[in-house]
Amino acid sequence: MRHPPVGYAIVYEFAAPGPYDRLIKFVMSTSRVLGVLGFHVLAARLRPDYTFKRRSFLAEFLLGYAGSWLVMPELHEGIHAAALWLYTGERPELSMKLGADYWTAAAPYWYFPRGAYRVIGLGPLILLTVPPLLALRTVPRSLLSLLCFLAGRNVSASVLDMFIEWQLSRRPASYLNFTGMVVAIWQPHE
């Protein structure tokens, strides 16, 4: 919807970048390391041929790292953008600048019910984490490191999405507006 619902008011606002930047960056960095490490350990357990002692491991690791930096942010925000476009019928505003702390896809003049935001916000987490998990057993060994990096980095890129979803889940009958800089959650007046 294009306007805040009648009888609703802002009950929560979160700015990114904002006062919690250091905490967010710490959580994202930690989740990136744990996610990538966790996916590599899982791949090693699922695939006996994927050992860290192989000669080609370092090259595959570096290619996976570089590939994930080049591809994952665009895929993640692209899924957000596609979902926004499906819901609004309008092209979303994208902020994807190399070296920026946050990349965003937003529809600043739209207010989304909680269920719609679940699709928009959690789409990248599901679509870019589950398929690599399912593919760990079947892809060529040389691609395992890339899959681990893509999935691990995507989990860390989804930290804010999961935080916003948690905030929405605590507020029934809520709507969300995201300008690209500020998330506002609207709820009925009491």
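Residues numbered from 1 in each chain as written. Predicted model: local features only at pLDDT ≥ 70, side-chain atom pairs only at ≥ 80, totals over all residues. Heavy atoms only, no water.

Caption draft 1: Focus on the overall build of the protein. When helices and strands are tallied, the protein shows 6 helices and 6 strands. Seen in sequence order, the protein has helices and strands lined up from the N terminus as β-α-α-β-β-β-α-α-α-α-β-β. Seen through its C-alpha atoms, the protein measures out along the principal axes to roughly 65 × 30 × 30 Å. Relative to its full complement of 190 residues, the protein shows a buried share of 46%. By sequence separation, contacts in the protein at least 24 residues apart represent 72% of the contacts at least 6 residues apart. About 10,600 Å² of surface is accessible on the protein, with carbon and sulfur atoms providing 68% of the total. Within the protein, one finds 18 positive and 12 negative side-chain charges whose respective centroids are separated by 11 Å. (Helix = DSSP H or I, 4+ residues; strand = E, 2+ residues; numbered from the N terminus. Buried < 20%, exposed > 50% of the residue type's maximum accessible area, 1.4 Å probe, protein only. Contact = heavy atoms within 4.5 Å. Areas by Shrake-Rupley, 256 points an atom, 1.4 Å probe, with all protein chains shown as cover. Lys, Arg positive; Asp, Glu negative; His and termini not counted. Charge placed at Lys NZ, Arg CZ, Asp CG, Glu CD.)

Caption draft 2: A look at helix α1 (residues 21-46). Over its 26 residues, α1 extends 36 Å from the first C-alpha to the last, a length consistent with the 38 Å expected when each residue adds 1.5 Å. Within the span of α1, buried status applies to Asp21, Ile24, Met28, Ser31, Gly35, Val36, Phe39, His40 and Ala43. Taken together, the buried residues of α1 touch β1 (8-15), α2 (57-88), α4 (130-135), α5 (144-157) and α6 (159-169). (Expected span 1.5 Å × (residues − 1).)

Caption draft 3: View of the packing of α5 against α6. In the contact formed by α5 and α6, the axes pass within 4 Å of each other and the chain directions differ by 40 degrees. Judged on the interaxial angle alone, α6 and α5 are oblique. Along its contact with α5, which presents Val155, Ser156 and Ala157, the element α6 presents Val159, Leu160, Asp161 and Met162. Its residues assigned to classes, the contact of α5 with α6 shows 5 nonpolar, 1 polar and 1 charged. (Axes fitted to C-alpha atoms, helices over the stretch in contact; angles between N-to-C directions. Parallel < 35°, antiparallel > 145°, perpendicular 65-115°, else oblique. Nonpolar A, V, L, I, M, F, W, Y, C, P; charged D, E, K, R; others polar.)

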